[in-house]
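# Commentary on secondary and tertiary structure
The lines below spell out each chain.
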Amino acid sequence: QVQLAESGGGLVQAGEPLRLSCAASGLTFSSDAMGWFRQAPGKEREFVAAITWSGATTYYGDSVKGRFTVSRDNAKNTVYLQLDSLKPEDTAVYYCASHRRGSSWYYSPGHYNYWGQGTQVTVSS
């Protein structure tokens, strides 16, 4: 059974950093690309970042490019999202997901097959 468990969310002030983690089990983690999405109340789920199985290539949404960094540790079956220069508009539930094999598109939720329960990030001004 595949399980993805996010952690590290919380309440921070604008400009402060935060680091999210996503621990994976039940899948061949080192063979799968991973992604991060977020969803704010009343909005659609938004692509944040993705990383290929080796970590060699990363992808970012325009709204977080230059502020967020995705990384992974295959020995720990964990993917990370470093959030820097946080803004109030970054407030959302953040989800990690495993990328569907055979797909070369990383930006849409439909290209991911397993999802975590999410972790809340709230940024105050």
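Residues numbered from 1 in each chain as written. Predicted model: local features only at pLDDT ≥ 70, side-chain atom pairs only at ≥ 80, totals over all residues. Heavy atoms only, no water.

## Comments concerning the overall build of the chain
Counting its regular elements, the chain contains zero helices and 11 strands. Its helices and strands in sequence order give the chain the pattern β-β-β-β-β-β-β-β-β-β-β, from N to C terminus. For a compact globule of 125 residues, the expected C-alpha radius of gyration is about 14 Å, and the chain comes in at 13 Å, within 12% of that figure. The C-alpha extent of the chain, read off along each of the three principal axes, is 40 × 25 × 25 Å. Residues classed as buried in the chain amount to 42% of the 125 residues present. Taking the contacts inside the chain whose residues are at least 6 apart along the sequence as the reference set, 56% of them involve residues at least 24 apart. Total accessible area on the chain is roughly 6300 Å²; 46% of this is exposed by carbon and sulfur atoms. Computing the positive centroid from 11 side-chain charges and the negative centroid from 10, the chain places the two 4 Å apart. (Helix = DSSP H or I, 4+ residues; strand = E, 2+ residues; numbered from the N terminus. Rg over C-alpha atoms; globule rule 2.2 N^0.38 Å. Buried < 20%, exposed > 50% of the residue type's maximum accessible area, 1.4 Å probe, protein only. Contact = heavy atoms within 4.5 Å. Areas by Shrake-Rupley, 256 points an atom, 1.4 Å probe, with all protein chains shown as cover. Lys, Arg positive; Asp, Glu negative; His and termini not counted. Charge placed at Lys NZ, Arg CZ, Asp CG, Glu CD.)

## Comments concerning the nonpolar core
Core analysis: the largest hydrophobic core is formed by 27 residues, its most contacted members being W36, L81, L83 and Y94. Only β3 (18-25), β4 (34-39), β5 (46-51), β7 (68-73), β8 (78-83), β9 (92-99) and β11 (119-124) provide two or more residues apiece to this core. At four residues, the largest contribution of residues to this core is made by β3. In terms of nonpolar packing, the next biggest core, distinct from the first, is built from seven residues, A33, F47, A97 and Y112 among them. (Core = buried A, V, L, I, M, F, W, Y, C linked by side-chain atoms within 4.5 Å.)

## Section: the pattern of salt bridges
Taken as a whole and assessed by the stated rule, the structure comprises five salt bridges. The salt bridge involving D90 is made with R67; its shortest N-O contact spans 2.8 Å. In this pair, D90 is assigned in the loop between β8 and β9 and R67 in the loop between β6 (58-60) and β7, connecting sequence segments 23 residues apart. Summarising the burial analysis for this pair, D90 and R67 share the class buried. Put simply, R38, E46, R67 and D90 are held in one network by salt bridges that share partners. (Salt bridge = Lys/Arg side-chain N within 4 Å of Asp/Glu carboxyl O.)

## What about the side chain of S98?
Summarising the element assignment, S98 is placed in strand β9. Of the polar contacts made by the side chain of S98, one reaches the side chain of N113; its length is 2.7 Å. The residues touching S98, leaving out its near neighbours within four places in the chain, are L4, L27, A33, M34, Y112, N113 and Y114. (Polar contact = N/O pair within 3.5 Å; in protein donor to acceptor, adjacent residues only side chain to side chain.)

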